[in-house]
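Descriptive structure summary
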Amino acid sequence: MRNLFYLFTLAALAGCSALYPSYMLKTPRDYHFDKLIDSTTAVNYQISPNDFMGMRLFSQDGFHIIDLTSQASIGGSNTGSGSSGSVASAVSTFVDYLVESDGTVKLPVVGRVQIAGLTIRQATEMLEKKYSQFYIKPYILLTVDNRRVIVFPGDPGTAKVIPLVNNNTTLLEALALAGGLTESGKAKQVKLIRGDPTNPKVYLIDLYTIKGIKQGNTILQANDIIYVTPQRRPTLTLLERITPILTGISTILLVYALLHNTKI
């Protein structure tokens, strides 16, 4: 029986990888992480495939919006003095358009347009130029909906999907919305995974010291994955793994002893 006990113990120690079956997104020791752009020079949010883009189109440089001083809603007819009721918007309410997997979006009048990779400002300027062929001094308002990131704060079962309500949500804000790092999370090893899942860019961020606040202010993109590496606690984990084995062995020994005493 003593040999059996040693056998079980050695098997548990030999299978170290089996001690952490819930760990994800591991990188080799010699993995070359991508270089993260300094947050002070980072661009604003870029439109991505599968985003829902809300668009509102007005003519006359948005004069109809600016001149509204009554209780009339944006895009509605203004009955107050100082503006002409004939100045009307081409599209008076936000309409959502899907950015397809190839990065294009199909819009009224101008048709299909390549838009993925552009910031909100760049997309607005580009669309205003295109619509200027059909409307007098078009004024466009854009919003991007359905944007989200996935946060693994350090413990299995605590992952959260965080919607990006603001255009410039930072990594620190997303971690705060997820409830912060868990007790088992390593602040020194926060992975930011971005881009095409078949060939993603992986950035390693150190939030352990105040110096990490620059990287923590990195602006997130849709579908980013924030993975906080969990701490390894081999002694505690090993005890948790072998306790059921030891309990089973003790039970077998007890039953054996009882049967042996009964026969005597």
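Residues numbered from 1 in each chain as written. Predicted model: local features only at pLDDT ≥ 70, side-chain atom pairs only at ≥ 80, totals over all residues. Heavy atoms only, no water.

**Points about a nonpolar patch on the surface**
The test is simple: Here, patches come from residues exposed beyond 30% relative accessible area and free of salt bridges, joined within 9 Å for like charges and within 5 Å for nonpolar side chains (Val, Leu, Ile, Met, Phe, Trp, Tyr). For the area figures, the Shrake-Rupley method with a 1.4 Å probe applies, and any residue is considered shielded solely by the protein chains shown. Every case where a carboxyl oxygen of Asp or Glu lies within 4 Å of a side-chain nitrogen of Lys or Arg is listed as a salt bridge. By the criteria applied, helices consist of DSSP H or I runs no shorter than four residues and strands consist of E runs no shorter than two, each listed in order from the N terminus. Exposed residues in this analysis have more than 50% of their type's maximum accessible area, buried residues have under 20%, and partly exposed residues fall in between, with area computed by a 1.4 Å probe over protein chains only.
Nonpolar side chains collect at one region of the surface, where Leu 172, Ile 210 and Ile 213 lie side by side and expose about 280 Å² of accessible area between them. Position of Ile 213 among the secondary structure elements: in helix H5 (residues 213–216). Judged by its relative accessible area of 42%, Ile 213 falls in the partly exposed class.

**Thoughts on the side chain of Asp 224**
Definition in use: Here a polar contact is recorded for every N or O atom pair within 3.5 Å, except that within protein the pair must consist of a potential hydrogen donor and a potential acceptor, and residues adjacent in sequence are included only if both atoms are side-chain atoms. Residues are treated as being in contact if the distance between any of their heavy atoms lies within 4.5 Å.
With respect to the helices and strands, the residue Asp 224 is situated in the loop between H5 and strand E10 (225–230). Since its relative accessible area comes to 1%, Asp 224 is described here as buried. In terms of polar contacts, Asp 224 uses its side chain to reach the backbone amide nitrogen of Gln 221, at 2.8 Å. Look past the residues within four positions of Asp 224 in its chain and what remains in contact with it is Arg 148, Val 149, Ile 150, Leu 192, Ile 193 and Arg 194.

**A short note on the pattern of salt bridges**
As enumerated under the stated definition, the model contains 4 salt bridges in all. Across the pair Arg 121 and Glu 125 runs a salt bridge, and its minimum N-O distance is 3.3 Å. Linking Arg 121 with Glu 125, this pair stays in helix H3 (residues 120–131), spanning 4 residues, or about one helical turn. Assessed through its relative accessible area of 64%, Arg 121 is described here as exposed. In this structure Glu 125 comes out as partly exposed when scored by relative accessible area, which is 45%. Of the charged contacts, one joins Arg 194 and Asp 224 as a salt bridge, the two residues approaching to 2.8 Å between their closest N and O atoms. With Arg 194 in strand E8 (residues 185–194) and Asp 224 in the loop between H5 and E10, the pair connects residues that are 30 residues apart, well separated along the chain. Residue classification places Arg 194 among the buried residues on the basis of a relative accessible area of 17%.

**So, the nonpolar core**
Quick note on the threshold: By nonpolar core we mean a set of buried residues, namely Ala, Val, Leu, Ile, Met, Phe, Trp, Tyr and Cys, connected to one another through side-chain atoms within 4.5 Å.
One finds Ile 47, Met 53, Met 55, Leu 107, Ile 115, Leu 127 and Leu 142 to be the most contacted residues of the largest nonpolar core, which totals 20 residues. Taken together, the elements giving at least two residues each to this core come down to strand E1 (52–58), strand E3 (104–107), H3 and strand E5 (139–145). At 5 residues, H3 tops the list of elements feeding residues into this core. The residues contacting Ile 47, other than those within four sequence positions of it, are Met 53, Val 99, Ile 115, Ala 116, Gly 117, Leu 118, Thr 119, Ile 120, Ala 123 and Val 144. Among the nonpolar cores identified, the runner-up in size contains 18 residues, and Leu 164, Leu 192, Tyr 203 and Val 228 belong to it.

**Here's the deal with the pairing of E5**
The cut-off we apply is this: We call two strands paired when DSSP finds no fewer than two bridges between them.
Because side chains alternate across E5, one face comprises the buried residues Ile 140, Leu 142 and Val 144, and the other comprises Tyr 139, Leu 141, Thr 143 and Asp 145, none of which is buried. Bridging between E1 and E5 involves 7 bridges; their strand directions are antiparallel. The residue of E5 that forms the bridge with Met 55 is Leu 142.

**Side note on the environment of Val 190**
Relative to the helices and strands, Val 190 is located in strand E8. The class of Val 190 is buried, set by a relative accessible area of 0%.

**Here's the deal with the sheet that holds E10**
The following threshold applies: Between N-to-C directions, angles cover 0 to 180 degrees, with each direction set by a line fitted to C-alpha atoms, over the stretch in contact for helices.
Strand order across the open sheet formed by 5 strands is E7-E6-E10-E8-E9, with mixed pairing between neighbours. Of all strands in the sheet, those with a lone pairing partner are strand E7 (160–163) and strand E9 (201–205), marking the two edges. Neighbouring strand axes in the sheet, compared pairwise and without regard to direction, differ in orientation by 20° on average. Pairing analysis gives 5 bridges linking E8 to E9, with the strands arranged antiparallel. Note on E9: the bridge partner recorded for Ile 193 is Val 202.

**Here's the deal with the confidence of the model for the protein chain**
Going by this rule: The pLDDT value expresses, per residue, how confident the predictor is, ranging between 0 and 100.
For the protein chain, per-residue confidence averages 77 on the pLDDT scale, and residues scoring 70 or more make up 72% of the total. Counted against residues more than four places away or in other chains, residues 10–16, with its pLDDT under 50, gives 4 contacts.

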